[in-house]
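Residue-level listing of the chains:
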Amino acid sequence: MYELTIGIHRGTITSRDVEQPESFESMDDCIKAVAKAKTFYSGIGYKIWFAEVQKPDGTKTTLEQNTNYN
């Protein structure tokens with residue numbers, strides 16, 4: 001299983017939050033989930049802070065990283 005963790009923020013360091021990790025069958029499913037989350041969160045005024053996937057072999061891959069708090 002691939003475990004996806006997404007962090008969000010609302011433009012400030014103090015507005016950061018992290019979703020509960022979610023499991024997916026493939027990396028492609030994780031990529032689709034990040035795209036969906038990006039659309040959802042931008043609609044309510046948030047940005048993706050980071051999206052990180054832990055692969056079945058234990059290695060991690062960063063799909064998104066945004067520390068732009070402007």
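Residues numbered from 1 in each chain as written. Predicted model: local features only at pLDDT ≥ 70, side-chain atom pairs only at ≥ 80, totals over all residues. Heavy atoms only, no water.

1. Thoughts on the overall build of the protein chain
Helix and strand content of the protein chain: one helix and five strands. Mapped from its N terminus to its C terminus, the protein chain presents α and β elements in the order β-β-β-α-β-β. Across its three principal directions, the C-alpha atoms of the protein chain cover 35 × 20 × 15 Å. Scored against the burial criterion, the 70 residues of the protein chain give a buried share of 30%. In the protein chain, the proportion of contacts linking residues at least 24 apart, taken out of those at least 6 apart, comes to 53%. With an accessible surface of roughly 4600 Å², the protein chain has 48% of that area assigned to carbon and sulfur atoms. (Helix = DSSP H or I, 4+ residues; strand = E, 2+ residues; numbered from the N terminus. Buried < 20%, exposed > 50% of the residue type's maximum accessible area, 1.4 Å probe, protein only. Contact = heavy atoms within 4.5 Å. Areas by Shrake-Rupley, 256 points an atom, 1.4 Å probe, with all protein chains shown as cover.)

2. Comments concerning the side chain of Ser15
Its place among the elements puts Ser15 in the loop between strand 1 (2-9) and strand 2 (17-18). Apart from residues no more than four positions distant in its own chain, Ser15 is found in contact with Ile8, His9, Arg10 and Tyr46.

3. Considering the pattern of salt bridges
Taken as a whole and judged by the stated rule, the model has three salt bridges. Notably, a salt bridge pairs Lys32 with Asp28, separated by 3.2 Å at the nearest N-O pair. Pair noted here: Lys32 and Asp28 are both in helix 1 (residues 27-43), with a separation of four residues, about one helical turn. We classify Lys32 as exposed; its relative accessible area is 51%. Between Lys38 and Glu64 there is a salt bridge, with its nearest N and O atoms 2.8 Å apart. Here Glu64 lies in strand 5 (residues 60-65) and Lys38 lies in helix 1, a separation of 26 residues in the sequence. (Salt bridge = Lys/Arg side-chain N within 4 Å of Asp/Glu carboxyl O.)

4. Regarding the packing of aromatic side chains
For the coordinates displayed, the defined rule picks out three aromatic pairs. Ring geometry for Tyr41 and Tyr46: centres 6.3 Å apart, planes at 65°, overall edge-to-face. Exposure remark for Tyr41: the relative accessible area of 11% places this residue in the buried category. With a relative accessible area of 23%, Tyr46 lands in the partly exposed category. Taking 4.9 Å as the distance between ring centres and 80° as the angle between the ring planes, the aromatic pair formed by Trp49 and Phe50 counts as edge-to-face. Here the two residues Trp49 and Phe50 agree in accessibility, since each one is buried. An aromatic cluster is defined as three or more aromatic residues linked by ring pairs; in this entry it consists of Phe40, Tyr41 and Tyr46. (Phe/Tyr/Trp six-rings, centres within 6.5 Å; stacked < 30°, edge-to-face > 60°.)

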